[in-house]
Structures are given as structure tokens and as C-alpha cells.
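The residues making up each chain are set out below.
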Amino acid sequence: MVTSDLDFSIHGILIRGVSPRSASAAARPSARRATVAVDVVLLTPLRDRLGALLRRHGARGGERWTLPWDGPRPGEAPDACAARVAAGAAGGEPTWLEQAGAHGGPRRHPGDAELSLAYVGAVPLGAPPPATPDLAWHPMDALPALPPRHQEIVAAAAEALRRRLDQAPIAFRLLPPAFTLSELQQIYELLLGRRLHKASFRRALQAAWLVDPTDEWRSEGRGRPAQLFRYAPRRRRGGRRGVRFDLLGG
């Protein structure tokens, strides 16, 4: 399902209707050789690092890792295949999923697929553990060795995600419905790979009209409790507007 937000041009898919019974079966690729593969990069916050979901093959010590992937089933569209693979691997529906490019050429795919359709998706902070024991989250800056095609896909997906940050609500999809502004800034910093100036970030966020305060507060250690906010973009004249990261100091 293609969706759009008021202040963002987003051509992603929000997945619905994947049952727990079908999720475990969807977590593994089919046995047939795929001429076209759908490879999914799922991301989530791991404390102060960004993590990617990988699948283990083989016993510990001789194990190898890949991205979750599968070939489309007969009559299955690539978007539907990506939704199935993502939900089966993550143990639940990602909150954001979008195609991030196509990859082919000499770099080998673990299923020997000639063409890979890459998708990148978001799994929110505090989501349940992966669907099966052979799936695990790994920090993006310390990934184990991956097949050559998957190495290329991970790098390209991370870059595509950064380019989309000021247009699509990706950061908000990595958070629970209610969050503090400090938590939101931390997510943006993880996705951008750099620190942001606190006052500049909040001014830019206010100018973008993307969040509304709630009546809830949360203690964040010493000092005053922090107010919780929710993602609530407001329609405004002159079209959509995201957070202008090019104007924020590091």
C-alpha cells in the first residue's frame, strides 16, 4: 500500500495483515533459485548505534550472514514480497518500508540471483526480538562479513535513507508513538552519522511543523522531566517541508 504524509512526499509501504502463523515461514528464503531477489535492509536503534537485521546460516564458528531475502512468488509483486520478507524476519510489521534501488553485475548474491531489488525498512525502538533464533541485530558500524552483493546493498540503502531524511518521516518510524525531543534528535544523529546542535535542531523541527506536544512527561534522569511529543505534521501553504539538515550545525 502506497501512502503519503501531510508534510512529506513518501512512496513507501506500510504493511498490514501479516499473521504470526505466516511470519515464521516467510523468514526463510524459498529453496528455488531466484533470477530476481528481493533483499531487505531492516534498521533499528541499538542504544547509541544503528543496527541491521541479518540471518545466520550454518553452525557457530562456521556461520555466515546475509540480509533477509527471497524471490517473489508466482504473481507476487516486489512490494508485496518485500513486505512478506520484512515481516517474517522482524517478527512483526515494519513501520516504514521503501524500495532503495536495484543491483546486479558481477557481485555475487547468496542465491545466485541475477538482479536484486533492494528495500530499506524501519523497526521501532523496543520492538520484539526477531522471529527466529537464526536472525540477529548487528551494529551497522560492525557488521560481519556479508556476500558481496549484500555489502553493496547495505551501503547503498544507508545512503538512500540519508538522502530521504528531510522528505520522509523515517526517524519517527524508529520511535514509539510518544517520544521526547532528545530521543528524536538521537535518532536523527544515528541516521545521519553525525552530531547535531541541540538548539538548532529544535528550531528546525519547530519550523518544519512536524510534532505536537502531549500532556505526558517522562523523567530522563536528573533535572526536570521531559515532555513527550507525537508526530503530527500540519498542512501548510507552499507545499511540504521537512527538517533542513543542511542548516544544522554539527
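Coordinates for the structure precede this section.
Draft legend 1. View of the packing of aromatic side chains. Considering all chains together, one arrives at 4 aromatic pairs under this definition. Ring geometry for F172 versus F179: centroids 5.8 Å apart, planes at 55°, classification tilted. Judged by its relative accessible area of 4%, F172 falls in the buried class. Each member of the aromatic cluster is reached from another via a ring pair, and the members are F172, F179, Y188, F201 and Y231.

Draft legend 2. Expanded view of the nonpolar core. Residues F172, L184, L191 and V211 are the most contacted members of the largest nonpolar core, which totals 42 residues. Top contributing element to this core by residue count: helix α5 (residues 181–192), with 7 residues. Beyond its immediate stretch of four places on either side in the chain, L184 contacts A171, F172, L175, F179, F201, L205 and V211.

Draft legend 3. Inspection of the layout of surface pockets at higher detail. Looking at the largest pocket, its volume works out to about 200 Å³. Forming the walls of the largest pocket are D48, R49, L50, M140, D141, Q186, E189 and L190. The element that contributes the greatest number of residues to the lining of the largest pocket is α5, accounting for 3 residues. The residue inventory of the lining of the largest pocket, partitioned by class, reads 3 nonpolar, 1 polar and 4 charged. Reported here for the second largest pocket is a volume of approximately 150 Å³. Every residue along the wall of the second largest pocket is listed here: L181, R202, L205, Q206, W209, L210, V211, P213, F229 and R234. Secondary-structure elements contributing two or more residues to the lining of the second largest pocket are α6 (198–208) and β8 (211–218). Broken down by element, the lining of the second largest pocket gets its largest block of residues, 3 residues, from α6. Partitioned by chemical class, the residues of the lining of the second largest pocket number 7 nonpolar, 1 polar and 2 charged.

Draft legend 4. Structural detail: the pattern of salt bridges. Inspection of the entire model under this criterion finds 11 salt bridges. Close ionic contact of R107 with E152 constitutes a salt bridge, the shortest N to O distance being 3.1 Å. In this pair, R107 is assigned in the loop between β5 (96–103) and β6 (115–122) and E152 in helix α3 (residues 148–164), connecting sequence segments 45 residues apart. With relative accessibility at 39%, the residue R107 sits in the partly exposed group. Judged by its relative accessible area of 25%, E152 is partly exposed. Among the charged side chains, a salt-bridge network with shared partners connects D70, E76 and R84.

What counts, and at which threshold
Each chain has its residues counted from 1, running along the sequence as written. In keeping with the model being predicted, local features are shown solely for residues with a pLDDT of at least 70 and side-chain atom pairs are shown and tallied solely at 80 or more, while totals for entire chains, interfaces and linings include all residues. To get the side-chain values, all heavy atoms of the structure are used, and hydrogens and water are removed first. Any two of the Phe, Tyr and Trp rings considered here, Trp counted by its six-membered ring, make a pair once their centres fall within 6.5 Å; the pair's planes then place it as stacked at under 30 degrees, edge-to-face at over 60, or tilted in between. Burial status follows relative accessibility: with a 1.4 Å probe on protein chains alone, a residue under 20% of its type maximum counts as buried, one over 50% as exposed, and anything between as partly exposed. Definition used in this section: a nonpolar core is a set of buried Ala, Val, Leu, Ile, Met, Phe, Trp, Tyr and Cys residues joined via side-chain atoms within 4.5 Å. Think of it this way: any DSSP run of H or I at least four residues long counts as a helix, any run of E at least two long counts as a strand, and we number them from the N terminus. Residue contacts follow a heavy-atom distance rule, with two residues in contact if any of their heavy atoms lie within 4.5 Å. Two kinds of site are reported from a 1 Å grid over the protein atoms alone, namely cavities, where a 1.4 Å probe fits but cannot get out, and pockets, open sets with protein on both sides within 12 Å along at least five of seven lines, and residues are called lining when an atom falls within 4 Å of a point. Grid points are joined across faces, edges and corners, and a volume is the space filled by probe spheres set on the points. Lys, Arg, Asp and Glu make up the charged group, whereas Ala, Val, Leu, Ile, Met, Phe, Trp, Tyr, Cys and Pro make up the nonpolar group; the residues left over, Gly among them, are polar. Think of a salt bridge as a Lys or Arg side-chain nitrogen and an Asp or Glu carboxyl oxygen that are within 4 Å of each other.

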